[in-house]
Amino acid sequence: RYFLAALMPMEGSLSAFARRTTTTGEEIGLRSEVASLGPRQAVTYRIGAYLGPKDRTVLAAAGKELERGVDYGWFWWLALPFLGILQFCFRFLRSYGLAILALTFLVKAALFPISLKMFRSMKKMQELQPKMTALKAKFKGDNQGLQQATMELYRQHKVNPMAGCLPMVVQIPVFFALYKVLYNAIEL
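Residues numbered from 1 in each chain as written. Predicted model: local features only at pLDDT ≥ 70, side-chain atom pairs only at ≥ 80, totals over all residues. Heavy atoms only, no water.

A.B. asks: I'd like to hear about a nonpolar patch on the surface, residue by residue, with values.
C.D. replies: A cluster of nonpolar side chains, Phe 88, Phe 92, Leu 93, Leu 98 and Leu 101, forms an exposed patch at the surface whose accessible area comes to about 530 Å². Contributing elements (two or more residues each) for the nonpolar patch: helix H2 (76-93) and helix H3 (96-138). Ranked by residues supplied to the nonpolar patch, first place goes to H2 with 3 residues. Looking at the secondary structure, you find Leu 98 in helix H3. Classification of Leu 98 as partly exposed rests on a relative accessible area of 44%. (Patch = residues over 30% accessible without salt bridge, like charges linked within 9 Å, V, L, I, M, F, W, Y side chains within 5 Å. Areas by Shrake-Rupley, 256 points an atom, 1.4 Å probe, with all protein chains shown as cover. Salt bridge = Lys/Arg side-chain N within 4 Å of Asp/Glu carboxyl O. Helix = DSSP H or I, 4+ residues; strand = E, 2+ residues; numbered from the N terminus. Buried < 20%, exposed > 50% of the residue type's maximum accessible area, 1.4 Å probe, protein only.)

Okay, here's the thing in structure tokens:
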């Protein structure tokens, strides 16, 4: 998870990674176009190799898009800014523990308006709970009547039952990205 071994073609004729299993083990290498050689002719291919930590700055300096070797999952577009913020916080706080706390605080502060909306909606739903219980008793056995009365109750009190769930849909990718940063960051 924290280290990468990579072969990098330094010439255009080396085109693809090759891997095959043989009776003696596994062979890996780079595949190239077939070269027609005459007697006493040789073809030289230049390749680079990287064997080291998955540090994004070192991988970016090595070139060949090696920084893509660090897996930040589907939400990499959120994870990379989080990693940058984590590194920024570390430069000032000089402790990754404090930097993680600062990043967590910043993420929670950014998501506070969404969380507040979700909690307000949940509070309204709790306030309607006794009325919902009364409706269930009144329309026992009449599901269609219960649904219509419930929708009318929501309309009267201007409550959207999905308003408590939808903010979570926005927050889930943020938390997955934050998890991937903390899980894969070699800096930690």
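A.B. asks: Would you mind going over a positive patch on the surface in detail, with residue names and values included?
C.D. replies: A surface patch of like charges, here positive, comprises Lys 117, Arg 120, Lys 124 and Lys 158. Mapped onto the elements of the fold, Lys 158 is located in the loop between helix H4 (143-157) and helix H5 (166-184). (Lys, Arg positive; Asp, Glu negative; His and termini not counted. Charge placed at Lys NZ, Arg CZ, Asp CG, Glu CD.)

A.B. asks: Can you explain the environment of Ile 100? Please cite residues and give values.
C.D. replies: When you line up the elements, Ile 100 lands in helix H3. With 13 residues separating them along the chain, Ile 100 and Gln 87 place their C-alpha atoms 9.5 Å apart. Contacts of Ile 100, omitting those with residues within four sequence positions, involve Leu 86, Leu 182 and Leu 188. (Contact = heavy atoms within 4.5 Å.)

A.B. asks: Which residues make up the environment of Leu 135, and what are the values?
C.D. replies: Mapped onto the secondary structure, Leu 135 falls in helix H3. Considering only alpha carbons, one finds Leu 135 and Gln 147, 12 residues apart in sequence, at a separation of 9.5 Å. In this structure Leu 135 touches Leu 146, Ala 149, Thr 150 and Leu 153, once residues within four positions along its chain are discounted.

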